[in-house]
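Here are the chains, one letter per residue:
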Amino acid sequence: MRLSRYFLPLLKETPSDATVASHRYMLRAGMIKQNSAGIYTWLPLGHKVLKKIEQIVREEQNKAGAIEMLMPTIQSAELWKETGRFDAYGPEMLRITDRHDREMLYGPTNEDMITDVFRSFVRSYKDLPKMLYHIQWKFRDERRPRFGVMRGREFLMKDTYSFDLTKEDAVKSYNKMFAAYLNTFARLGIKAVPMKADTGPIGGDLSHEFVILAESGESEVFCHRDLVEMDPPGDVDFEGDLSHIFKERTSLYAATEEMHDAEEFAKIPEDKQLSARGIEVGHIFYFGDKYSAPMKATVMDSDGKPQTAMMGSYGIGVSRLVGGIIEASHDENGIIWPKSVTPFGAGVMNLKPGHDESDAVSEDIYNKLVAAGVDPLLDDEKGSIGVKFSRMDLIGLPFQIAVGPRGLKDGSVEVKDRATGEKQNMTPDEAVDLVMKAYA
Ligand code: 5CA
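Residues numbered from 1 in each chain as written. Predicted model: local features only at pLDDT ≥ 70, side-chain atom pairs only at ≥ 80, totals over all residues. Heavy atoms only, no water.

A. Region of the structure containing the overall build of the protein. The secondary structure content of the protein amounts to 13 helices and 23 strands. The C-alpha radius of gyration computed for the protein amounts to 24 Å, which stays within 12% of the reference 22 Å derived for 440 residues, consistent with globular compactness. Each principal axis of the C-alpha atoms in the protein carries an extent, and together these give about 80 × 60 × 40 Å. Across the 440 residues in the protein, those meeting the buried criterion constitute 52%. Within the protein, contacts between residues separated by at least 24 positions form 72% of all contacts whose residues are at least 6 apart in sequence. Here the protein has roughly 19,800 Å² of accessible surface; of this, 49% comes from carbon and sulfur atoms. Distance between charge centroids for the protein: 4 Å, based on 56 positive and 69 negative side chains. (Helix = DSSP H or I, 4+ residues; strand = E, 2+ residues; numbered from the N terminus. Rg over C-alpha atoms; globule rule 2.2 N^0.38 Å. Buried < 20%, exposed > 50% of the residue type's maximum accessible area, 1.4 Å probe, protein only. Contact = heavy atoms within 4.5 Å. Areas by Shrake-Rupley, 256 points an atom, 1.4 Å probe, with all protein chains shown as cover. Lys, Arg positive; Asp, Glu negative; His and termini not counted. Charge placed at Lys NZ, Arg CZ, Asp CG, Glu CD.)

Okay, structure coming up:
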């Protein structure tokens, strides 16, 4: 993409209501525009990151055996009345009446609807287990939407729902999602710690939040330090026994504020005690028959007796993650994107558009990176060098290649690694090679 043809509406001033770094940088870098409180337009740069995160989440769900589908955003109140949640959910639910005076709502979550889908089609234990998911916009009329996309009213969520014959099998599904989440967050370049969590309006008796530690986090969390540095499980057999992964993580103390037990926490050696602020990027629940019993979602077991399906649900805040990743990865100059989710693989800066050699070399690097699938951004705009560098720092692409007459005198360009700040001079071909290898 050429910057001269792109749509990157940068802001010079930091908006005063943006109190956390991710919100500030997302506005300044032209990633989002607020339309009303907690509701945003995803501008091209932000949209690219959102889609990349979504795709990684999708791939890891598929690996774990979950099957993608798509449910609507607008739901009928009827299903929610069957489970009793229409009244229980409270003012966070946006209630709508259609032209026939039918009660509708903009879905804040989908347990009721997926249970209806399940009971409409699934009859036999032989069809179990099933894990179904979608990636769909949700609406929650949050009392205090804030921190930009991190606590929005409209937000993108990946929500998976599992159906099993027994509690024992449902725990296996829970463990699959538990392992899949660890891999997902590692691929996104963040360290998310699973912590014992409260179940809130979703319900149930087993629940973990996946939390990234960041000063701007909304809640206080407590955990054993070793959990933060643990490697993800990586390639695992999702058909096999995954309980060891669950046990390994949950044998060390980790809890959100609501579930915190000061006495248990005090038993951790002092140098391993970590209390910090956290951002919840995922939340998984086991709730058995909370929805399937009132909605009569049953299957026949091997004796031909009806059994109520045992369920869990598993959410990832896809749009929240855009902010969460920035909270975990930025400096005073802007965003530092992990390679896996960066909107463009590298930035090529033509420091002097109109200068023949600068034009030729930056075009050549750009074309080679395009051909290599790196998806570069070419800054081909006229303007001050200072503006070019600070713009690149702000939007946070992992590599910046600066091409200008001064370096070209001895045949070199400058490559900066955004994360380390390290700068190196090299030939244009070496620069292309370095970037290509980084994404190989
Ligand atoms: N149905 C279940 C799991 S599928 C559910 O709704 N869980 S949840 O309420 O915990 O939400 C799942 C994830 O959505 C959260 O972990 C969080 O990352 C994200 N999320 C929740 N509320 C918001 C919000 N207001 N803005 C942005 N993301 C949110």
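Next comes the rest of the description.
B. Inspection of empty space enclosed by the protein at higher detail. As enumerated under the stated definition, the model contains 1 cavity of 30 Å³ or more in all. Space inside the largest cavity adds up to approximately 40 Å³. Considering the residues around the largest cavity, the lining is formed by Tyr40, Trp42, Trp137, Val149, Gly152, Glu154, Phe155 and Ser319. Elements with a contribution of two residues or more to the lining of the largest cavity: strand S2 (39-42) and strand S8 (154-164). Here the residues of the lining of the largest cavity are counted per class, giving 5 nonpolar, 2 polar and 1 charged. (1 Å grid on protein atoms, 1.4 Å probe; cavity = no way out; pocket = protein on both sides within 12 Å on 5 of 7 lines; lining within 4 Å. Points joined across faces, edges and corners; volume = space filled by probe spheres on them. Nonpolar A, V, L, I, M, F, W, Y, C, P; charged D, E, K, R; others polar.)

C. A look at the packing of helix H10 (residues 356-371) against helix H13 (residues 428-439). One can describe the packing of H10 onto H13 by two numbers: an axis separation of 10 Å at closest approach and a directional angle of 25 degrees. With respect to each other, H10 and H13 are oriented roughly parallel. Pair H10 / H13 crosses with right-handed handedness. Contacts between H10 and H13 involve Val361, Ile365, Lys368 and Leu369 on the former and, on the latter, Pro428, Asp429, Val432, Val435 and Met436. Of the residues contributing to the contact of H10 with H13, the split by class is 7 nonpolar, no polar and 2 charged. (Axes fitted to C-alpha atoms, helices over the stretch in contact; angles between N-to-C directions. Parallel < 35°, antiparallel > 145°, perpendicular 65-115°, else oblique. Left-handed = near helix turned anticlockwise from the far one by under 90°.)

D. Structural detail: the pairing of S8. With 10 of its 11 residues buried, S8 lies for the most part within the structure. Looking at chain direction, strand S7 (residues 130-139) and S8 are connected through 10 bridges and run antiparallel. When the bridges of S8 are listed, Tyr133 appears paired with Thr160. As defined by bridge partners, S8 adjoins strand S16 (residues 310-317) across 8 bridges and the pair is classed as antiparallel. Bridge pairing in S16 links Asp159 to Gly315. (Pairing = 2+ DSSP bridges.)

E. Structural view of the packing of aromatic side chains. One pass over the structure, following the stated rule, counts 15 aromatic pairs. When the centroid spacing of 5.9 Å and the interplanar angle of 40 degrees are considered together, the rings of Phe185 and Phe210 count as tilted. Of the two residues, Phe185 sits in helix H6 (residues 167-187) while Phe210 sits in strand S10 (residues 206-213), which places them 25 residues apart along the sequence. Residues Phe185 and Phe210 agree in their burial class; the two are buried. Three or more aromatic residues link up through ring pairs in this structure, and these residues are Tyr174, Phe178, Tyr181, Phe185, Phe210, Phe246 and Tyr314. Sitting above the plane of the Phe344 ring, Lys48 keeps its charged end 3.9 Å from the centroid. Sitting over the face of the ring of Phe86, Arg95 holds its NZ or CZ atom 4.7 Å from the ring centroid. (Phe/Tyr/Trp six-rings, centres within 6.5 Å; stacked < 30°, edge-to-face > 60°. Lys NZ or Arg CZ within 6 Å of the ring centre and 35° of its normal.)

F. Region of interest: helix H7 (residues 243-250). Every buried residue of H7 is listed here: Ser243, Ile245, Phe246 and Arg249. One side of H7 holds all its buried residues, which, seen down the axis, span an arc of 160 degrees. Each element contacted by the buried residues of H7 is listed here: H6, strand S9 (192-196) and S10. (Arc of directions from axis to C-beta.)

G. Geometry of the sheet that holds strand S20 (residues 377-379). Taken in spatial order, the 5 strands make up an open sheet running S20-S19-S21-S22-S23, and their pairing is mixed. The open sheet terminates on both sides in strands that have one partner only, identified here as S20 and strand S23 (423-426). When strand polarity is set aside, the average angle formed by the axes of neighbouring strands in this sheet is 20 degrees. Bridging between strand S22 (residues 413-417) and S23 involves 4 bridges; their strand directions are antiparallel. In the sheet register, Glu414 faces S23, and the bridge partner there is Asn425. Along the sheet, H13 makes contact with strand S21 (399-403), S22 and S23, crossing S21 at roughly 170 degrees.

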